[in-house]
Number of protein chains: 2
Amino acid sequence: MLNTTPVMQRLIDAFATLPGIGRKSAARLAYYLVRQDVSATETLAQALLSARRAIKLCETCHNLCETSPCDFCTSPKRDDALLCVVESPQDLMAIETTREYHGRYHVLHGVISPLEGIGPRDLKIHELLVRLQQGAFREIILATNPSIEGEATALYIKNLVITAGLRVSRIASGLPMGSQLEFADKVTLGRSLLDRRALS
Amino acid sequence: MLNTTPVMQRLIDAFATLPGIGRKSAARLAYYLVRQDVSATETLAQALLSARRAIKLCETCHNLCETSPCDFCTSPKRDDALLCVVESPQDLMAIETTREYHGRYHVLHGVISPLEGIGPRDLKIHELLVRLQQGAFREIILATNPSIEGEATALYIKNLVITAGLRVSRIASGLPMGSQLEFADKVTLGRSLLDRRALS
């Protein structure tokens, strides 16, 4: 964009570095903010700075937290024998919203992706192995995404951790609840047939 | 979203107030930023604060600027007899990128929209009339959007400003350059027929 002032250009540039925000969206955000109350901008700037300063990784599960170890790791109400392995803090939050899981977590911070140059060493897999040795887990649930990379990462971890006495499971894939067979993609429908479960 | 920390929640809330950013996008931005270098967050926060503090409205054209009157109003290279009326600073910038216009500008900061409760008094229309009385304009180009509100606002201003010796024009509507008649909407195609221009 031409002909904006240097200070506006810096703001647009800063917004445009964020994921999913292109030049036009960045300009729209910048123009929106400079026309709002000063307090709106200050609230956002303050929230940015304090979040960035306060948030760190939990030394145990590697989730984002304000105090390490985090509440998920220290809560006495959670099951010490269950460990759920997720790709990201967002995935952890998504699982929490289901209220179906009450064990511990481990955040990998990514998946194995040779195309993007991400190998096992770039993830928190070593830390996972150390936890498994130290803890007394009965089951480990691999809850990486049902994508090619997520499946490969789950398989990789399964081969590393599988030992007598430890159950290794994978979250179920199949038709989303409320969806229709007619409109399901064939891979998902095929998986829902393969992974059918007995009702009696 | 449940189960995020208070400081993250404040950041997500702050992002979610921005136009075009919903809860999910806001969470994605927040999670992205807290995992980047501290400098990335500080750059954005600093850009926000300095833009909001430095940017004001030009006392003449009401465009956003750092020094009032702005460069568009003071530049001796621009034509004092031409005035282009636009809805927003973004529209002004869009016109500048064409490099086809070298007159002065006037930014209305909106359009008349009874449904949204925006009347002529909420726009910089009074300021426009004052400028027209004081200046020596030969032509005023109404460059509001070709939307219902933009057309109505252009018509409203035309009726107010029309006097002997002042040419009042409207930007052309028609088929976008490079488009195809077959896929044009009928209103646009109809307008391009009505506003056809002689080639000889």
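Described in the following lines is the structure provided in the data block. (Residues numbered from 1 in each chain as written. Chains lettered and ligands numbered in written order. Predicted model: local features only at pLDDT ≥ 70, side-chain atom pairs only at ≥ 80, totals over all residues. Heavy atoms only, no water.)

## A short note on the interface of chain B and chain A
Contact with chain B, which involves 51 residues of that partner, is made by 51 residues of chain A. Between chain B and chain A the total buried area reaches about 4,900 Å² when both faces are included, carbon and sulfur atoms providing 75% of it. Contact with chain A buries area across many residues of chain B, yet B:L48, B:R52 and B:M93 alone supply 15% of it, more than any other trio. At the surface where chain B touches chain A, the tally comes to 0 salt bridges. At the level of secondary structure, the elements contributing two or more residues to the side of chain B that touches chain A comprise α1 (6-16), α2 (23-34), α3 (38-54), β2 (64-65) and α5 (89-98) of chain B. With 13 residues, the top contributor of residues to the side of chain B that touches chain A is α3(B). Split into classes, the residues belonging to the side of chain B that touches chain A amount to 30 nonpolar, 11 polar and 10 charged. (Contact = heavy atoms within 4.5 Å. Buried area = accessible area lost by both parts, 1.4 Å probe. Salt bridge = Lys/Arg side-chain N within 4 Å of Asp/Glu carboxyl O. Helix = DSSP H or I, 4+ residues; strand = E, 2+ residues; numbered from the N terminus. Nonpolar A, V, L, I, M, F, W, Y, C, P; charged D, E, K, R; others polar.)

## A closer look at the sheet that holds strand β6 (residues 167-170) of chain A
Residue and element names in this part refer to chain A. Spatially, β4-β3-β5-β6 is the arrangement adopted by the 4 strands of the open sheet, whose pairing is parallel. The open sheet has two edge strands, β4 (103-107) and β6, and neither has a second partner. Pairwise comparison of adjacent strand axes, ignoring direction, gives a mean angle of 25° for this sheet. Set on the sheet, helix α6 (residues 125-134) makes contact with β3 (79-86), β4 and β5 (139-142); between it and β4 the angle comes to about 150°. Against the sheet, helix α7 (residues 148-161) touches β3, β5 and β6, its axis set at about 175° to β6. (Pairing = 2+ DSSP bridges. Axes fitted to C-alpha atoms, helices over the stretch in contact; angles between N-to-C directions.)

## Description of the packing of helix α6 (residues 125-134) of chain B against helix α7 (residues 148-161) of chain B
All names here are of chain B. Two numbers describe how α6 lies on α7: the axes approach to 11 Å, and their chain directions differ by 35°. Of the two possible hands of crossing, α6 and α7 adopt the one that is right-handed. On α7, the residues that touch I125, L128, L129 and L132 of α6 are Y156, I157, L160 and V161. A breakdown of the residues in the contact of α6 with α7 according to their chemical character gives 8 nonpolar, no polar and no charged. (Left-handed = near helix turned anticlockwise from the far one by under 90°.)

## Things to note about the relation of the copies chain B and chain A
When chain B is fitted to chain A, the residual RMSD is 0.1 Å, and the transformation amounts to a turn of 180° plus an axial shift of 0.1 Å. Overall, the copies show the geometry of a two-fold rotation axis. Closest approach to the rotation axis among the C-alpha atoms of chain B is made by B:A45, whose C-alpha sits 2.2 Å away. Of the residues that chain B buries at the interface, 100% are likewise interface residues in chain A, meaning the two copies contact each other through the same surface. (Least-squares fit on C-alpha atoms with pLDDT ≥ 70 in both.)

## Some remarks on the pattern of salt bridges
Residues and elements named next belong to chain B. What the rule picks out here adds up to 14 salt bridges over all chains. Among the salt bridges present, the one from D13 reaches R23, with a minimum N-O distance of 3.0 Å. One end of the pair, D13, is in helix α1; the other, R23, is in helix α2, and 10 residues separate them in sequence. Its relative accessible area of 34% is what places D13 among the partly exposed residues. Between D80 and R104 there is a salt bridge, with the nearest N and O atoms lying 2.8 Å from each other. (Buried < 20%, exposed > 50% of the residue type's maximum accessible area, 1.4 Å probe, protein only.)

## Looking at α1(B)
In an α-helix, one full turn covers 3.6 residues, which means residues spaced three or four apart are oriented alike. Those residues of α1(B) not exposed but buried are B:V7, B:M8, B:Q9, B:L11, B:I12, B:A14 and B:F15. Where α1(B) is buried, its residues meet α3 (38-54) and β2 (64-65) of chain A together with α2 of chain B.

## Regarding the nonpolar core
If you look at the biggest cluster of nonpolar residues, it comprises 48 residues, and the most contacted ones within it are A:L11, A:F15, A:L44, A:L48, B:F15, B:L44 and B:L48. Among the secondary structure elements, those contributing two or more residues to this core are α1 (6-16), α2 (23-34) and α3 of chain A together with α1, α2 and α3 of chain B. Filtering out sequence-adjacent residues up to four positions away, A:L44 remains in contact with A:L33, B:L11, B:A14, B:F15, B:L18 and B:L48. (Core = buried A, V, L, I, M, F, W, Y, C linked by side-chain atoms within 4.5 Å.)

## Some words on the pairing of β3(A)
All names here are of chain A. Of all the 8 residues making up β3, 6 are buried; the element is thus mostly covered by neighbouring parts of the structure. With 5 bridges joining them, β3 and β4 adopt parallel strand pairing. Each residue of the ladder has a partner; that of V86, found in β4, is V107. Crossover handedness for the path β3 to helix α5 (residues 89-98) to β4: right-handed. (Right-handed = clockwise from strand over helix to strand, strands pointing away.)

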